[in-house]
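Residue-level structure breakdown
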Amino acid sequence: LGLEYTIVEKHPPFMTDKNCFMIKALSDAYSSVTKKDGTPQAMCGSTYARVFEQGASFGVGDEVWPGSCHQANEFVDKKHFLESYEIYKQAIYNLVK
């Protein structure tokens, strides 16, 4: 198309060991609340977590937050909102205990 661009900053991909304390704490939180498999999922996309030496993005996913994630008029029903709250509450507890 004849467009010119300049890459200002590029963050290399990273991987965090799924058996480290942090990932285990987050996975266990998801599993304990949902009673579903909390195995971490690798995904494409960008996350600010990569600026840390060790980090990961963490979200409850489409099974808990169905429908409109990152879409126009994003919403969630009360049931899924409360389940998400419980997952995040458990995740924070697991990380600090």
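These numbers were taken from a predicted model, which means no experiment stands behind them.

About the criteria used
- Residues numbered from 1 in each chain as written.
- Predicted model: local features only at pLDDT ≥ 70, side-chain atom pairs only at ≥ 80, totals over all residues.
- Heavy atoms only, no water.
- Helix = DSSP H or I, 4+ residues; strand = E, 2+ residues; numbered from the N terminus.
- Buried < 20%, exposed > 50% of the residue type's maximum accessible area, 1.4 Å probe, protein only.
- Contact = heavy atoms within 4.5 Å.
- Areas by Shrake-Rupley, 256 points an atom, 1.4 Å probe, with all protein chains shown as cover.
- Polar contact = N/O pair within 3.5 Å; in protein donor to acceptor, adjacent residues only side chain to side chain.
- Expected span 1.5 Å × (residues − 1).

A few words now on the overall build of the chain. The helix and strand inventory of the chain stands at 3 helices and 0 strands. Start at the N end of the chain and walk to the C end: the helices and strands fall as α-α-α. Split into buried and exposed, the 97 residues of the chain put 21% on the buried side. Within the chain, contacts between residues separated by at least 24 positions form 61% of all contacts whose residues are at least 6 apart in sequence. When the accessible surface of the chain is summed, it comes to about 8,100 Å², and 58% of that surface belongs to carbon and sulfur atoms.

Before going further, it helps to examine the side chain of Thr34. Within the secondary structure layout, Thr34 lies in helix α1 (residues 21–34). One polar contact links the side chain of Thr34 to the main-chain carbonyl oxygen of Tyr30, over a distance of 2.7 Å.

Structural remark: α-helix, 3.6 residues per turn; residues separated by three or four positions point the same way. The end-to-end C-alpha distance of α1 is 20 Å, a good match for the 20 Å that 14 residues give at a rise of 1.5 Å each. Listed as buried for α1 are Ile23, Ala25, Leu26, Ser27, Ala29, Tyr30 and Thr34. Taken from the residues just after α1, Lys35 is the one with a positive phi, measuring 65°.

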